[in-house]
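These are the residues of each chain, in order.
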Amino acid sequence: MEKPLQLVCNKDGKLQLIPEALKVLQSIEDPMVVVAMVGAARTGKSYLMNCLAGDKNGFSVDSTTQTHAKGIWMWCRPLPERPNEVLLLLDTEGLEDPEGDIDNDNSIYSLTILLSSILIYNGQKNIDQQSLQYLHIVTEMTKRILLKSQPNVRDSWDFVRFFPEFVWLIRDLTLDMHIDGEDVTPNEYLEHSLKLDCEISEQDKEYNELRRYIRDHFPSRCCFACPTPTFRKKLKQLQELEDKDLDEDFVKERQKLINYIHTHKKVKRVLGGQLVTGRRFVELIKMYVGMMADGVLPCVENCVAKLAEVENEAAVDEAFKFYDNEMRIIPKSDCLTMSKLIEYNNMKSREAFNIFHKRSMNNNSGKYIQQLKRKMYSIYKSVMAKIKETSQDQCKGHLAKELSSIKENLASGYYQRAGGFQELKEDLDKAIKEYEEKTKDEMEGFAVLTHFLKEEKHHLDQIQKMDSKLGKEEKLVSALEEELSRVKQEMKKMEQKGKAAEQCWHKEIKQQIRKRLEEGKKCSEEELKEAMEHTRSEMEKYKVEGREEDAERAQQRYEYLKKKYEESTEWSFMKFIREHAPEIIDVLMIVMVAVAEYRRVSS
């Protein structure tokens, strides 16, 4: 993507999406690191975003008092260090812009929180009460975003599971970073600034509430502090200046931020831990913006569920279309054996399920993979029937050719004489050997032969009765019956082989389902574990600060998340029985048969 595109605009007081930008995002199949920058208007956000993009000529930068970034602009950029991921930069309209309004700010900020995996707040000068005041809008987030369709008081405890990582970028730092006379790092400076003050006035309570919100909802956070990049007169040409013309400390800190963003493993995930690709991002933003435009609070749970439904239905359609197209090729083959069909089907089934797994998400019930399995199996049986029909016609042709002279002799009564049965037997043996050689790989070879032998049995009986050497001919009839029995046994083996292959296919599908469920479960567990660790860390910080009530609240959140984590990882016997019922029944049947056989032999 060479240039940024506007993704969201405000028209008649409502957010709207730009189709051109959505089309670009739809084509992105890789997971995305979504970095959004927010802050006051005209504070140099676009310049920093261009630095992150590695291109000076990207987001619009201007030194005038008029805001250039309206709504949200996006820019997709590669990540050289991470070839299988994409960097999506979101440059947002400045907060508290005189040309904007508070409702617009709230909507833009809410949307940014919902969409980003790393949120950069571009603050000025230092971290103080005034700079915190610009972040008052974040306290509105829990009021403007629903986690669940049936909200409860504990919902806010789950926000930490999907909120982005928070990066405070201090621009034009004017103070030396000292605390109690000692040098501190930007991160230490941020943590010190977020400590709660004694609540003497209402304003103290207000700022403490904001600090609590940041700490509780953005427990993963860091800070970068950049001095003024150059002299004030040169700031107008900042975009054109080379690094050698800028303050050395500014260049170093800016590079630290760039390195952090480019290497940090904060890929965008939805609630439940599933990765977000460009296509999924489009579905999410459509739902969020649609809800906001209708005056409805965005519900994370509902949107993720709808996204999963859309993705899984599309995954089924995409995988089935591939399988159906591949299986349509088979009937055109001149000779397709059962073994070749089984091998081909297994190969294409694996490829189809790989296509499904690549696109599907949160398929914890196995509903969609079972749906795909049924649709594929229907095609498989249809193809099998067509191949059997073709094979049957070919085998009948081979049999007719090999038995043409025998049929003529049977019709003319040639074999109805003394010794005729012996000659018929020899002719049949020769014809059957020739037939079996030509149809050894045919699916219906034994079935067609068995049908013929059964059909002609009455002719053989007539010939046997007319033969004068009855004792000898009775043995010949017995030999022919043995041939028919042998053919039936071979046909049975072929059928068993086909059933075994189908069972193997079903077993492989079950394994794929189990694997997918485990992957989804692992994503959710990792998300919960990370949230637990962040909350526990915040709890310890409150204790060190002597904030017992806040530590107790953090402890409650931690216990809540811990319980969820334990519920997702606990081993339940009944759950195991439900999930593995078919396999358990199979094992029990084998054991019962083995016991019965043992008793029969013993008796």
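Residues numbered from 1 in each chain as written. Predicted model: local features only at pLDDT ≥ 70, side-chain atom pairs only at ≥ 80, totals over all residues. Heavy atoms only, no water.

Caption draft 1: Highlighting the overall build of the chain. Helix and strand counts for the chain stand at 19 helices and 10 strands. Per-residue burial for the chain yields a buried fraction of 47% across its 603 residues. Long-range contacts, defined as pairs at least 24 residues apart, comprise 75% of the intrachain contacts of the chain with a sequence gap of at least 6. For the chain, the exposed area adds up to about 31,400 Å²; of that, 51% sits on carbon and sulfur atoms. (Helix = DSSP H or I, 4+ residues; strand = E, 2+ residues; numbered from the N terminus. Buried < 20%, exposed > 50% of the residue type's maximum accessible area, 1.4 Å probe, protein only. Contact = heavy atoms within 4.5 Å. Areas by Shrake-Rupley, 256 points an atom, 1.4 Å probe, with all protein chains shown as cover.)

Caption draft 2: Inspection of the confidence of the model for the chain at higher detail. With 76% of its residues at a pLDDT of 70 or more, the chain shows a mean pLDDT of 77. Of the regions scoring below 50 in pLDDT, residues 63-68 engages in 11 contacts with residues more than four places distant in sequence or in other chains. This stretch, residues 468-473, has a pLDDT under 50; its non-local contacts, to residues over four places away or in other chains, come to 8 contacts. (pLDDT = per-residue confidence, 0-100.)

Caption draft 3: Structural context of a negative patch on the surface. On the surface, a cluster of negative charge is made up of Asp176, Asp180, Glu182 and Asp183. Structurally, Glu182 is set in strand 9 (residues 182-183). Look at Glu182 and you get exposed, because its relative accessible area is 57%. (Patch = residues over 30% accessible without salt bridge, like charges linked within 9 Å, V, L, I, M, F, W, Y side chains within 5 Å. Salt bridge = Lys/Arg side-chain N within 4 Å of Asp/Glu carboxyl O. Lys, Arg positive; Asp, Glu negative; His and termini not counted. Charge placed at Lys NZ, Arg CZ, Asp CG, Glu CD.)

Caption draft 4: Structural context of the side chain of Arg557. For Arg557, the location among the structural elements is in helix 17 (residues 548-569). Since its relative accessible area comes to 7%, Arg557 is described here as buried. Aside from chain neighbours lying at most four places away, what touches Arg557 is Trp157, Asp216 and Thr535.

Caption draft 5: Just the sheet that holds strand 10 (residues 221-225), in detail. Spatially, 8 strands are ordered 2-1-4-5-3-6-7-10 in an open sheet, and the strand pairing comes out mixed. The open sheet is flanked by strand 2 (14-17) and strand 10, the only strands paired with a single partner. With direction set aside, neighbouring strand axes in the sheet form an average angle of 20°. Examined bridge by bridge, strand 6 (residues 118-124) and strand 7 (residues 165-171) share 7 bridges and lie parallel to one another. Residue Asn122 lies in a different strand from strand 7, and its bridge partner there is Leu169. Here helix 2 (residues 45-53) sits on the sheet in contact with strand 3 (32-39), strand 4 (72-78), strand 5 (86-92), strand 6 and strand 7, set at roughly 170° to strand 5. Against the sheet, helix 6 (residues 186-193) contacts strand 7 and strand 10, and its axis sits at roughly 115° relative to strand 10. (Pairing = 2+ DSSP bridges. Axes fitted to C-alpha atoms, helices over the stretch in contact; angles between N-to-C directions.)

Caption draft 6: Looking closely at the packing of aromatic side chains. Taken as a whole, this structure holds 7 aromatic pairs when the rule is applied. The structure contains a cluster of three or more aromatic residues connected by ring pairs, namely Tyr121, Phe163, Phe166, Trp168 and Phe218. Seen from the ring of Tyr542, Arg215 lies directly overhead, with NZ or CZ sitting 4.1 Å from the centre. Between the NZ or CZ atom of Lys375 and the centre of the ring of Phe320, over which it lies, the distance is 4.5 Å. (Phe/Tyr/Trp six-rings, centres within 6.5 Å; stacked < 30°, edge-to-face > 60°. Lys NZ or Arg CZ within 6 Å of the ring centre and 35° of its normal.)

Caption draft 7: Structural context of the pattern of salt bridges. Under the counting rule described, the total for this entry stands at 26 salt bridges. Between Arg553 and Asp216 there is a salt bridge; the shortest N-O distance is 3.4 Å. Placement of the pair is Arg553 in helix 17 and Asp216 in helix 7 (residues 202-217), with a sequence separation of 337 residues. The class of Asp216 is buried, set by a relative accessible area of 13%. One connected set of salt bridges, linked through shared partners, spans Glu209, Arg212, Asp216, Arg547, Asp550, Arg553 and Arg557.

Caption draft 8: Main features of the nonpolar core. Counting 67 residues, the largest nonpolar core has Leu7, Leu25, Leu90, Leu111, Trp168 and Phe281 as the members making the most contacts within it. With sequence-adjacent residues up to four places away left out, Leu7 is seen in contact with Gln16, Leu17, Ile18, Ala21, Leu22, Leu25, Ile72, Trp73, Met74, Leu90, Phe281 and Ile285. Met37, Leu52, Phe59 and Val251 belong to the second-largest nonpolar core, a separate cluster that totals 30 residues. (Core = buried A, V, L, I, M, F, W, Y, C linked by side-chain atoms within 4.5 Å.)

Caption draft 9: Region of the structure containing the pairing of strand 4. Most of strand 4 is tucked away, with 5 of its 7 residues classed as buried. Two elements, strand 1 (residues 5-11) and strand 4, share 3 bridges in a ladder whose sense is antiparallel. By the bridge assignment for strand 4, Leu5 is matched with Met74. Pairing of strand 4 with strand 5, which is carried by 7 bridges, proceeds in the antiparallel orientation. By the bridge assignment, Cys76 is partnered in strand 5 with Leu88.

Caption draft 10: Representation of the side chain of Ser117 within the structure. Relative to the elements of secondary structure, Ser117 occurs in the loop between helix 3 (102-115) and strand 6. According to the relative accessible area criterion, Ser117 is buried, its value standing at 3%. If near-sequence neighbours (up to four positions away) are discounted, Ser117 is found in contact with Val33, Val34, Pro164, Glu165, Lys266, Val267 and Lys268.

Caption draft 11: Here's a closer look at the packing of helix 9 (residues 278-293) against helix 10 (residues 300-328). One can describe the packing of helix 9 onto helix 10 by two numbers: an axis separation of 10 Å at closest approach and a directional angle of 135°. By the angle between their directions, the pair helix 9 and helix 10 is classed as oblique. Our pair here, helix 9 against helix 10, has a crossing hand that is right-handed. Between helix 9, through Arg279, Arg280, Glu283, Leu284, Met287, Tyr288 and Met291, and helix 10, the contact on the second element is made entirely by Val300, Cys303, Lys306, Leu307, Val310 and Glu311. A per-class count over the contact of helix 9 with helix 10 returns 8 nonpolar, no polar and 5 charged. (Parallel < 35°, antiparallel > 145°, perpendicular 65-115°, else oblique. Left-handed = near helix turned anticlockwise from the far one by under 90°. Nonpolar A, V, L, I, M, F, W, Y, C, P; charged D, E, K, R; others polar.)

Caption draft 12: Here's a closer look at the packing of helix 12 (residues 367-412) against helix 13 (residues 420-438). Between helix 12 and helix 13, the least distance of the axes is 9 Å, while the angle of their chain directions is 170°. What the angle tells us is that helix 12 and helix 13 run roughly antiparallel. Together, Cys395, His398, Leu399, Lys401, Glu402, Leu403, Ile406 and Leu410 of helix 12 and Leu424, Asp427, Leu428, Ala431, Glu434, Tyr435 and Lys438 of helix 13 make up the contact between the two elements. Partitioning the contact of helix 12 with helix 13 into residue classes produces 9 nonpolar, 1 polar and 5 charged.

Caption draft 13: Molecular detail of unusual backbone geometry. Phi is positive for Asp180, which is not a glycine, with a value near 55°. Positionally, Asp180 belongs in the loop between strand 8 (178-179) and strand 9.

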